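Architecture at a glance
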Amino acid sequence: MNHSIRLRSRLASMSTNRLLNRLVLGAVVFTVAVIAQRGQEPPAPHLVAAALVLLVTLVCLLRAQHRADASSQGDSPALRQLGKHPDLLVAHNSFSHSLSGISEHTDEVFRDTVAVRLATIQEELRMLSEGKVVFTGTESWRTAYERILCSPGLERYLSVAWLRNEDYWRDAPGRHSMQLNYDLIQLGVRIERTLILNDFFWPSGATLPAKVICQWIEEQYKRGIVVRLVRESEIEDEPELLCDFGIYGHRATGQLDLDEQCRAERFTLAFTPEKVRLFEERWRRLLLFAVPFRDVLDRKARQT
């Protein structure tokens, strides 16, 4: 039904455009004939004025009709931009169709419930439009994390890991991600990791961290990752630095929020230069407190 209405409207618009085009052409011919009048007296001023007014009026009508046609067909700058990305245009059409379907429901409870849900969806879309992708309460973030690490042109990956228990990155998904790090090292990607250690795992005065953690750290060091250590207590006055984050070249950043059991609560990917600069600044501040793991090993060797 809607398609039939749109078709009739488009046909009517085409007929109107053809009529306006013919009238404009006729007005041009009339104006030229009035002005030219070869071999005759100069045309009366009122005839010239009338011809020009008619021509200008018809041209304005034709331009207005073209603008109306473009608007009725959705030819807006936003849609033209979406037209460059077919997947986004499909999503736009799907959203529009769904909202149209929602508008047909009249139950007030349903409409109120939908309004709350749509507010959440709008907020998520706003974040997406700002270059942020948020994964909540799911390990699916690892797929995006691994894809960006494997993207062409990535030469450097900076990682900050805040260790608060022994199970950090020791489950199956964590071991898979760590293996990916080792594979990237073999491909020439430079990986630097600063580990923030709870003082329980690296007490003040202890040369090396606790054995179970130290083995995991030493494995990364031996496999080619540049590892640095910092005690949690040394940066407790710098709350912005107490977090897990990654910097993927100059392309994006990722921030991982964990619960007390080190389970992922939220992972935020940000594809904006501003976020990259912000986290690079945090990285530089963190390095003021960090100690290269190589130096820690040398210190231990001198003591033995």
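Provided above is the structure to which this section pertains.
Residues numbered from 1 in each chain as written. Predicted model: local features only at pLDDT ≥ 70, side-chain atom pairs only at ≥ 80, totals over all residues. Heavy atoms only, no water.

1. Points about the nonpolar core
- Core analysis: the biggest nonpolar cluster contains 37 residues, and Leu149, Leu195, Leu197, Ile217, Leu229 and Tyr248 have the highest contact counts within it.
- Counting residues per element, this core draws most heavily on helix 7 (residues 172–186), which supplies 5 residues.
- Ignoring anything within four residues of it in the chain, the contact list for Tyr248 reads Tyr145, Ile148, Leu149, Leu154, Arg156, Tyr157, Thr253, Gly254, Phe267 and Leu269. (Core = buried A, V, L, I, M, F, W, Y, C linked by side-chain atoms within 4.5 Å. Buried < 20%, exposed > 50% of the residue type's maximum accessible area, 1.4 Å probe, protein only. Helix = DSSP H or I, 4+ residues; strand = E, 2+ residues; numbered from the N terminus. Contact = heavy atoms within 4.5 Å.)

2. Looking at the environment of Phe271
- For Phe271, the location among the structural elements is in the loop between strand 7 (264–270) and helix 9 (273–287).
- By relative accessible area, Phe271 is classed as partly exposed at 38%.
- Through-space distance from the C-alpha of Phe271 to that of Gly254 is 9.0 Å; in sequence the pair is 17 residues apart.
- Excluding residues within four positions of it along the chain, Phe271 makes contact with Gly131, Val133, Ile148, Arg251 and Ala252.

3. Section: the packing of helix 6 (residues 141–149) against helix 7
- Helix 7 packs onto helix 6 with a crossing angle of 5° between their chain directions and a minimal axis gap of 11 Å. Between helix 6 and helix 7, the angle is such that the two are roughly parallel. Counted together, Arg142, Tyr145, Glu146 and Leu149 of helix 6 and Pro173, Gly174, His176, Ser177, Leu180, Asn181 and Leu184 of helix 7 form the full contact between these two elements.
- Residue composition of the contact of helix 6 with helix 7, grouped by class: 5 nonpolar, 4 polar and 2 charged. (Axes fitted to C-alpha atoms, helices over the stretch in contact; angles between N-to-C directions. Parallel < 35°, antiparallel > 145°, perpendicular 65-115°, else oblique. Nonpolar A, V, L, I, M, F, W, Y, C, P; charged D, E, K, R; others polar.)

4. Focus on the packing of aromatic side chains
- For the coordinates displayed, the defined rule picks out 9 aromatic pairs.
- Considering the side-chain rings of Phe135 and Phe267, the 6.5 Å spacing of their centres and the 40° angle between planes classify their relative orientation as tilted. Residue Phe135 is located in strand 1 (residues 132–136), and its partner Phe267 is located in strand 7; the two are separated by 132 residues in the primary sequence.
- Clustering of aromatic rings is evident, with ring pairs tying together Phe135, Trp141, Tyr145, Tyr157, Tyr248 and Phe267.
- Its end group placed over the ring of Trp162, Arg164 keeps NZ or CZ at 3.9 Å from the ring centre.
- Over the aromatic face of Tyr182 sits the side chain of Arg223, whose NZ or CZ is 4.1 Å from the ring centroid. (Phe/Tyr/Trp six-rings, centres within 6.5 Å; stacked < 30°, edge-to-face > 60°. Lys NZ or Arg CZ within 6 Å of the ring centre and 35° of its normal.)

5. Some remarks on the sheet that holds strand 6 (residues 252–258)
- Strand order in this open sheet of 8 strands is 1-7-6-5-2-3-4-8, and the pairing throughout is mixed. The strands lining the two open edges of the sheet, one partner per strand, are strand 1 and strand 8 (291–292).
- Strand direction decides the pairing type here: strand 3 (residues 190–197) and strand 4 (residues 226–231), joined by 6 bridges, are parallel. Opposite Arg193, over in strand 4, you have Val227 as the bridge partner. (Pairing = 2+ DSSP bridges.)

6. Focus: the pattern of salt bridges
- One pass over the structure, following the stated rule, counts 14 salt bridges.
- The shortest N-O distance in the salt bridge between Arg126 and Glu130 comes to 2.7 Å.
- Given a relative accessible area of 37%, Arg126 falls into the partly exposed group.
- Where Glu192 meets Arg228, a salt bridge forms, and the shortest distance between an N and an O atom there is 2.9 Å. With a gap of 36 residues between them, Glu192 in strand 3 and Arg228 in strand 4 connect regions that are remote in the sequence.
- By relative accessible area, which is 17% here, Arg228 ends up buried.
- Within the structure, one salt-bridge network assembled from shared partners comprises Glu123, Arg126 and Glu130. (Salt bridge = Lys/Arg side-chain N within 4 Å of Asp/Glu carboxyl O.)

7. Some thoughts on the packing of helix 8 (residues 211–222) against helix 10 (residues 293–303)
- In the contact formed by helix 8 and helix 10, the axes pass within 11 Å of each other and the chain directions differ by 115°. Seen along the crossing, helix 8 lies across helix 10 with a hand that is left-handed. Residues Cys214, Ile217, Glu218 and Tyr221 of helix 8 form the contact with helix 10, whose own contacting residues are Phe293, Arg294 and Leu297.
- Residue composition of the contact of helix 8 with helix 10, by class: 5 nonpolar, no polar and 2 charged. (Left-handed = near helix turned anticlockwise from the far one by under 90°.)

8. Brief notes about the pairing of strand 5 (residues 244–248)
- Among the 5 residues in strand 5, 5 count as buried, and that is most of the element.
- Inspection of the sheet shows strand 2 (residues 156–163) paired to strand 5 by 4 bridges, in the antiparallel sense. From the neighbouring strand, Leu158 faces strand 5, where its bridge partner is Ile247.
- Summarising the sheet, strand 5 and strand 6 pair through 5 bridges and their orientation is antiparallel. Looking across to strand 6, one finds that Asp244 is bridged to Leu256.
- Two successive antiparallel strands, strand 5 and strand 6, enclose a turn made up of 3 residues, where Gly249 displays a positive phi of approximately 60°.

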